[in-house]
Amino acid sequence: MEQKIDIEYQSKIDLARLPQHIAIIMDGNGRWAKEQGKHRIFGHKNGVKAVREVTEGCAEIGVKYLTLYAFSTENWNRPKTEVSALMELLFLTIGKEIKTLQKNNIRLNVIGHIHNLPASNQKALAEVMEATKNNTRMTLTLALSYGSREEICEATRKMAQAYKDGKMNLEEINQTNFSNYLYTQQMPDPELMIRTSGEHRISNFLLWQMAYTELYFTEKFWPAFEKNDLYKAIFEYQHRERRFGMTSEQINESLNNTSQQ
Ligand code: IPE
Ligand code: IPE
Ligand code: MG
């Protein structure tokens, strides 16, 4: 097979126009392992390396929020042995990574149905979240037992309850307030979403938050995803025109006005 060598992308990135928030669907661990004649779990273990690499890569250039889809509500339907192996791997990884998070001033956050995780994982996550809560360089959010439709239902239930209790009126049900009832209430919406492994779908990830996110898909399997692949995605993002329903002419005009100020 022809080897395609990528150029080095880090130096090509415009640091003044970084996405503040990058979300990633880390997909393809199983297929990566299969390609090498190994078990799926081997793929998950190697996926942790890519998590480290991408976290470091984002923090180094100044991305403020990184959200990683690590386990979906639907993933509970996988074979029991795979689910337990994933939970064990999560437990071991959290324990190991705390030092690096502290050293790099990164705050750990979690979104999803955390109470469905094994008690040991909940405890380990709570400890690391508490220990890193004042870190300011970047927020690393793990989406665990996460499903966006359920997140939206939960937000709706909470709002309905607030209305019922007389704490909110109908006019207050607007986009800003709704966002504040989601798990991601403290975060800006992601400007860039990356999915690895060649699948072109959202798989119940941040449906509300990604209304205007730029989507980037790569064929690479997650364990093979490196810093340069991340920078390539950011580079491509910076060469897109985000129009938010407007025309290209309007966008250029407003860019000219800001550069003249
Ligand atoms: C992503 O890789 C990891 C999780 C969903 C936990 P997969 O396990 O989905 O790998 P493929 O898609 O089967 O190759
Ligand atoms: C999405 O990957 C969930 C995570 C990466 C955690 P899946 O591999 O589970 O997605 P589908 O089922 O192929 O859409
Ligand atoms: Mg998959």
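What comes next is a walk through the structure. In this text the structure is predicted, and so the values were computed from the model without any measurement.

1. Here's the deal with the overall build of the protein
Argument step 1. For the protein, the count of helices and strands is 8 helices and 6 strands.
Argument step 2. Going residue by residue from the N terminus, the α and β elements of the protein occur as β-α-α-β-α-β-α-β-α-α-β-β-α-α.
Argument step 3. Taking 2.2 N^0.38 as the reference for a compact globule, 261 residues should give roughly 18 Å; the C-alpha atoms of the protein span a radius of gyration of 20 Å, in line with that estimate.
Argument step 4. Projected onto its principal axes, the C-alpha positions of the protein cover 55 × 55 × 35 Å.
Argument step 5. The buried share among the 261 residues of the protein stands at 44%.
Argument step 6. Expressed as a percentage of contacts within the protein between residues at least 6 apart in sequence, the contacts between residues at least 24 apart total 77%.
Argument step 7. When the accessible area of the protein is evaluated, it comes to approximately 14,800 Å², of which 51% is carbon and sulfur surface.

2. Concerning the site of ligand 1
Argument step 1. In the vicinity of ligand 1, the residues found are Met-26, Asp-27, Gly-28, Asn-29, Gly-30, Arg-31, Arg-40, His-44, Ala-70, Asn-75, Arg-78 and Leu-86.
Argument step 2. At 2.9 Å, a side-chain N or O of Asp-27 approaches an oxygen atom of ligand 1.
Argument step 3. The separation between an oxygen atom of ligand 1 and a polar side-chain atom of Arg-40 is 2.8 Å.
Argument step 4. Considered on its own, ligand 1 offers 380 Å² of accessible surface; in the complex 87% of this is hidden by protein.
Argument step 5. Taken together, the elements giving at least two residues each to the shell around ligand 1 come down to helix H1 (29-35) and helix H2 (40-61).
Argument step 6. A per-element tally of the shell around ligand 1 places H1 first, with 3 residues.
Argument step 7. Looking at side-chain class alone, the shell around ligand 1 contains 3 nonpolar, 5 polar and 4 charged residues.

3. Some words on the sheet that holds strand S6 (residues 214-217)
Argument step 1. A sheet is described by the order of its strands in space; here 6 strands give the open sequence S3-S4-S2-S1-S5-S6, paired in parallel fashion. Among the strands making up the open sheet, the edge pair consists of strand S3 (106-111) and S6. If you compare each strand with its neighbour and ignore which way they point, the axes differ by 20 degrees on average.
Argument step 2. The pairing of S3 with strand S4 (residues 138-146) spans 6 bridges and is parallel.

4. Considering the pattern of salt bridges
Argument step 1. Inspection of every chain in the model, using the stated rule, returns 18 salt bridges.
Argument step 2. Through salt bridges with shared partners, a single network forms among Asp-27, Arg-31, Arg-195, Glu-199 and Arg-201.

5. Quick look at the packing of H2 against helix H3 (residues 80-103)
Argument step 1. Close contact between H2 and H3 brings their axes to 10 Å; oriented N to C, the two are set at 30 degrees. Here H3 runs roughly parallel to H2, going by the angle between their axes. Classified by chirality, the crossing of H3 by H2 is right-handed. Mapping the contact onto sequence places Arg-40, Ile-41, His-44, Lys-45, Val-48 and Arg-52 in H2 and Glu-82, Ala-85, Leu-86, Leu-89, Thr-93 and Glu-97 in H3.

6. Looking at the packing of aromatic side chains
Argument step 1. Considering all chains together, one arrives at 10 aromatic pairs under this definition.
Argument step 2. Note on Tyr-9 and Phe-235: the rings are 5.3 Å apart at their centroids and 55 degrees apart in plane angle, and the pair reads as tilted. Highlighted residues: Tyr-9 in the segment before strand S1 (21-25) and Phe-235 in helix H7 (residues 227-238), separated in sequence by 226 residues.
Argument step 3. Relative accessible area serves as the criterion here: at 10%, Tyr-9 is assigned to the buried category.

7. A word on the environment of Glu-154
Argument step 1. Looking at the element boundaries, Glu-154 is found in helix H5 (residues 148-164).
Argument step 2. Distance from Glu-154 to Thr-81, taken between C-alpha atoms, is 30 Å for residues 73 residues apart in sequence.
Argument step 3. Only 2.7 Å separates the side chain of Glu-154 from the side chain of His-113, close enough to count as a polar contact.

Parameters at a glance
- Residues numbered from 1 in each chain as written.
- Chains lettered and ligands numbered in written order.
- Predicted model: local features only at pLDDT ≥ 70, side-chain atom pairs only at ≥ 80, totals over all residues.
- Heavy atoms only, no water.
- Helix = DSSP H or I, 4+ residues; strand = E, 2+ residues; numbered from the N terminus.
- Rg over C-alpha atoms; globule rule 2.2 N^0.38 Å.
- Buried < 20%, exposed > 50% of the residue type's maximum accessible area, 1.4 Å probe, protein only.
- Contact = heavy atoms within 4.5 Å.
- Areas by Shrake-Rupley, 256 points an atom, 1.4 Å probe, with all protein chains shown as cover.
- Near = heavy atom within 4 Å.
- Polar contact = N/O pair within 3.5 Å; in protein donor to acceptor, adjacent residues only side chain to side chain.
- Nonpolar A, V, L, I, M, F, W, Y, C, P; charged D, E, K, R; others polar.
- Pairing = 2+ DSSP bridges.
- Axes fitted to C-alpha atoms, helices over the stretch in contact; angles between N-to-C directions.
- Salt bridge = Lys/Arg side-chain N within 4 Å of Asp/Glu carboxyl O.
- Parallel < 35°, antiparallel > 145°, perpendicular 65-115°, else oblique.
- Left-handed = near helix turned anticlockwise from the far one by under 90°.
- Phe/Tyr/Trp six-rings, centres within 6.5 Å; stacked < 30°, edge-to-face > 60°.

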